[in-house]
Amino acid sequence: MKLSRLLPASILAFFILVFISVIAVHIYNVRLYIQDQLQSHAQDAATAFGLSLAPVLQKNDLVMAELVVRTAFDRGYYQDIRILSPDGKVLLFKSLPVSAPDVPAWFVKLVPLYAPSGESLISSGWRQLGRVIVTSHPNFAYRQLWRTSIESFYSLAALFVFAFALLAFLLRTILRPLRDIEAAAIAVSKRNFQIIPRMPKLLELRRVAETFNNMSSKIRRIVEEESERAEQFHREAYEDVLTGLENRRSFESRFAEMLNDRNVHSGVLMMMEVVEFKEFNRKYGF
């Protein structure tokens with residue numbers, strides 16, 4: 001697997017894991033906060049009802065008590081409100097029918113909320129007139145939790161996409177010199193000793209590129225020297241040093257090739273003698 005694919009895939013998997021973890025932790029903390037708010041809301045309402053119902057129950061006016069309770073109950077923030085006598089008898093009971101929250105069912109199962117209750121005594125001086133029990137309705141809390149979760153999801157998703165796009169650009173920029181090094185290495189294997197024209201900005205990759213360029217230059221010099229040495233050996237073996245013409249070894253080699261060539265069916269061999277060439281050889285060398 002290529003490094004250009006392995007790195008983005010690994011980082012993408014890590015980002016997804018971090019993304020899910022952050023969303024889960026955020027929803028969990030928001031759920032705890034909303035649950036505490038529900039509890040506080042129920043208790044505050046019970047305390048307020050306990051204070052406002054004291055003068056009403058002192059006069060045993062249940063009609064006025066129902067009017068006081070209905071004023072807050074009709075807003076829909078409470079699941080039920082109960083007013084009990086000191087001996088536990090239900091004096092007044094208001095309840096909303098149980099309905100599913102207007103959020104996805106899977107979200108309700110995944111992030112459950114409980115309807116907490118708050119309780120307060122209704123008293124006048126030292127006399128206890130009863131108790132009021134208020135249970136908050138969780139549907140509004142579900143709606144708030146769902147909206148907060150969706151907003152957090154979209155915000156983190158946008159941030160995640162931007163970060164991954166930036167990371168992909170940086171990886172492409174970082175890995176581009178590696179592709180240049182790979183292309184130069186392939187060229188060297190084909191005896192094309194080129195160098196890397198663009199130096200990477202990263203110090204580590206720059207050192208690798210400089211080392212490769214030095215290696216390519218040295219190999220090119222070695223090959224050129226060996227090629228020149230091979231050509232020199234060939235000239236010394238098949239050329240006459242004095243005249244620069246082909247010597248007898250070259251003649252015999254070419255003549256043998258012609259005899260073995262099946263495409264050659266006939267030919268003429270001409271021999272020429274230079275007058276007094278022996279004297280020339282004796283004087284200047286063979």
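Look above for the structure.
What you are looking at is a predicted structure, and each value in this text was computed from that prediction instead of being measured. Once a new chain begins, its residue numbering starts again from 1 and follows that chain's sequence as written. Predicted model: local features are reported for residues with pLDDT of at least 70 only, side-chain atom pairs are reported and counted for 80 or more only, and whole-chain, interface and lining totals are derived from all residues. Side-chain measures were taken over the full set of non-hydrogen atoms in the model, leaving aside hydrogen atoms and water.

Caption draft 1: Representation of the nonpolar core in the model. Membership of the largest hydrophobic core comes to 19 residues, with the highest contact counts inside it found for Phe49, Ile81, Ile83, Ile122 and Val134. At the level of elements, helix H1 (3–58), helix H2 (62–73), strand E1 (78–84) and strand E4 (127–136) are the ones that each hand at least two residues to this core. Looking at which element gives the most residues to this core, the answer is H1, with seven residues. Two residues qualify as a contact provided that any one of their heavy atoms is within 4.5 Å of a heavy atom in the partner residue. Those residues in contact with isoleucine 122 that lie beyond four places of it in its chain are Gly50, Leu53, Ala54, Leu57, Ile83, Arg127, Gln128, Leu129, Gly130, Arg131 and Val132. Residues Phe107, Val111, Tyr142 and Phe160 belong to the second largest nonpolar core, which totals 14 residues. Nine residue types can take part in a nonpolar core, namely buried Ala, Val, Leu, Ile, Met, Phe, Trp, Tyr and Cys, and a core is a set of them joined through side-chain atoms within 4.5 Å. Three exposure classes are used, based on accessible area relative to the maximum for each residue type with a 1.4 Å probe and protein chains only: buried under 20%, partly exposed in between, and exposed over 50%. Numbering of helices and strands starts at the N terminus; helices are DSSP runs of H or I of at least 4 residues and strands are runs of E of at least 2.

Caption draft 2: Structural detail: the layout of surface pockets. Volume-wise, the largest pocket comes out at about 900 Å³. What lines the largest pocket is a set of 19 residues, among which Glu246, Asn247, Arg248, Met272 and Phe277 lie closest to the centre. Those elements giving two or more residues to the lining of the largest pocket turn out to be helix H6 (248–260) and helix H7 (277–284). No other element matches the three residues that H7 contributes to the lining of the largest pocket. Method remark: on a 1 Å grid restricted to protein atoms, a set of points is classed as a cavity if a 1.4 Å probe fits but cannot get out and as a pocket if it is open with protein on both sides within 12 Å along at least five of seven lines; lining residues have an atom within 4 Å of a point. Grid points are joined across faces, edges and corners, and a volume is the space filled by probe spheres set on the points.

Caption draft 3: Up close: the pairing of E4. Of all 10 residues that make up E4, seven are buried, and the element is covered over most of its length. Strands pair, by our definition, only if DSSP identifies at least two bridges between them. Taken together, the six bridges between E1 and E4 define a ladder with antiparallel strand orientation. Residue pairing across strands places leucine 84 opposite arginine 131, the latter belonging to E4. Inspection of the sheet shows strand E3 (residues 117–124) paired to E4 by eight bridges, in the antiparallel sense. Paired with glycine 118 across the strands is valine 134, a residue of E4. Hairpin connection, E3 to E4: the antiparallel pair is bridged by two residues, and glycine 125 has positive phi, about 70°.

Caption draft 4: Expanded view of a negative patch on the surface. Together, Glu224, Glu225, Glu228 and Glu231 give the surface a local cluster of negative charge. In this structure, glutamate 225 sits in helix H5 (residues 203–238). Relative accessible area serves as the criterion here: at 45%, glutamate 225 is assigned to the partly exposed category. The patch calculation keeps residues exceeding 30% relative accessible area without a salt bridge and links them within 9 Å when they carry like charges or within 5 Å when they are nonpolar (Val, Leu, Ile, Met, Phe, Trp, Tyr). Accessible surface is estimated by sampling points in the Shrake-Rupley manner with a 1.4 Å probe; for residues, cover comes only from the protein chains shown. Salt bridges are identified by distance alone: a Lys or Arg side-chain nitrogen within 4 Å of an Asp or Glu carboxyl oxygen. When charges are counted, Lys and Arg contribute as positive and Asp and Glu as negative, whereas His and the chain ends are disregarded. Where a charge sits is defined by one atom per residue type, namely NZ (Lys), CZ (Arg), CG (Asp) or CD (Glu).

Caption draft 5: Layout of a nonpolar patch on the surface. Side chains of Leu159, Phe162, Leu166, Phe169, Leu170 and Ile174 sit close together on the surface and give an oily, nonpolar patch of about 590 Å² of accessible area. Relative to the helices and strands, isoleucine 174 is located in helix H4 (residues 139–189). For isoleucine 174, a relative accessible area of 34% puts it in the partly exposed group.

Caption draft 6: Region of interest: the pattern of salt bridges. Across all of its chains, the model carries seven salt bridges by this definition. Close ionic contact of glutamate 66 with lysine 94 constitutes a salt bridge, the shortest N to O distance being 3.2 Å. Highlighted residues: glutamate 66 in helix H2 and lysine 94 in strand E2 (residues 90–95), separated in sequence by 28 residues. When its relative accessible area of 26% is taken as the criterion, glutamate 66 is described as partly exposed. Bridged by salt links that share partners, the residues Glu66, Arg70 and Lys94 form one connected network.

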